[in-house]
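# Inside the fold
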Amino acid sequence: MSPATADQPQIVLIGRPDPIFSQTAQWLRKTLPHGIAAEFPSIRQALASPQFSGTLPDLVVVFREYCDQFSTREIQKLIGAMVFRRVICCDGPLCISDGRTHGQWPAICRVPTNSAQSVIQYELNQLACSATPVSPMAASEDVFAWRTDVFPKKMAGSNSPLRAFVTASDTAFRNTTKEILQLNGVQAEAGDTHVLSVLLHVSGLKPNWILIDLDDDPAEIEAELIAAASTGLHVTAMTAFPGQRRPAWAHSLVEKHELFLQLGALNLELAR
């Protein structure tokens, strides 16, 4: 346990250590080295601690490995205690069906692990502005509108140094991906694998970021992707299946159902 300082928000982490969440947890500790007030393996232990007997934490981050890891009663107690503050539940791949079958957590709290950094950073920015948190009673469409506002304002008026090329057999999907990148200031184009092969062999046209739909079979250009990645060109695979393993030729993997948040965060990282 490390005491939070006055210039950083108080954050409490809940959940067992798991490799699935290591990247998010490490990012939090690096971003807020003095902001992590305490860590607990369960909600019950957190609520019984001094962190919830006096001044409440500004943000609670819960790492959830599977749907029923925490009881509904414990979740309700936590949400009730933090009703005027912020709670983010980072869902592992096994939690993807939660909400269709049964939902214990309010929509505003839930976020897939790969999108967690973007959402947490946004909430930290809102905290710094003393903005009122979204109510746990907010509907799913309200949460969607709130989160799609994360990047455009931040990126408005700025141009990314990245030139991206999106390839997918689904024309609507690749055009949507291209438009998301353009919203983030990226110079993005889209086409099929044949166009990509041509671009990779023309130095003046070669992009520095390639995005490939993993749900197609990229085997026919796998050798070219491996060669491109070895020269420093960033290759991102896109999948509709949470928990999918990142292929050896890709530097990053994003999930289609969280494309806006994950591509926005990845762009900020690559543009640094």
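Residues numbered from 1 in each chain as written. Predicted model: local features only at pLDDT ≥ 70, side-chain atom pairs only at ≥ 80, totals over all residues. Heavy atoms only, no water.

## Points about the sheet that holds strand β5 (residues 110–112)
Short version of the rule: Two strands are counted as paired when DSSP detects at least two bridges linking them. Only runs of H or I of at least four residues qualify as helices and only runs of E of at least two qualify as strands under DSSP, and these elements are numbered from the N terminus. Only the contacting stretch of a helix is used when fitting its axis, a line to C-alpha atoms as for every element, and angles between N-to-C directions run 0 to 180 degrees.
A sheet is described by the order of its strands in space; here 5 strands give the open sequence β2-β1-β3-β4-β5, paired in parallel fashion. Each end of this open sheet is capped by a strand with a single partner; those strands are β2 (36–40) and β5. Across this sheet, the average inter-strand angle for adjacent strands is 20°, counted without regard to direction. Note that strand β3 (residues 59–64) and strand β4 (residues 86–91) share 6 bridges and pair parallel. Along β4, the bridge assignment pairs Arg64 with Asp91.

## Looking at the environment of Ser252
Our working definition: Burial classes follow relative accessibility: with a 1.4 Å probe on protein chains only, a residue under 20% of its type's maximum area counts as buried, one over 50% as exposed, and anything between as partly exposed. The contact rule is simple, with two residues in contact once any of their heavy atoms fall within 4.5 Å.
Considering the arrangement of structural elements, one finds Ser252 in strand β10 (residues 252–255). Judged by relative accessible area, which is 12%, Ser252 ranks as buried. Distance in space between the C-alpha atoms of Ser252 and Ile43 is 32 Å, their sequence separation being 209 residues. Not counting residues within four places of it along the chain, the set of residues in contact with Ser252 comprises His234, Val235, Thr236, Ala237, Arg246 and Leu266.

## Topic: the packing of helix α7 (residues 171–183) against helix α10 (residues 259–271)
Test applied: Any angle from 65 to 115 degrees is called roughly perpendicular, while one under 35 is roughly parallel, one over 145 is roughly antiparallel, and all others are oblique. A crossing counts as left-handed when the near helix is turned anticlockwise from the far one by less than a right angle, and as right-handed when that turn is clockwise.
The N-to-C vectors of α7 and α10 enclose an angle of 45°; their axes lie 10 Å apart at closest approach. Of the possible angle classes, the one that applies to α7 and α10 is oblique. When you trace α7 past α10, the crossing you get is right-handed. Contacts from Phe173, Thr177, Ile180, Leu181 and Leu183 in α7 reach Leu259, Phe260 and Leu263 in α10.

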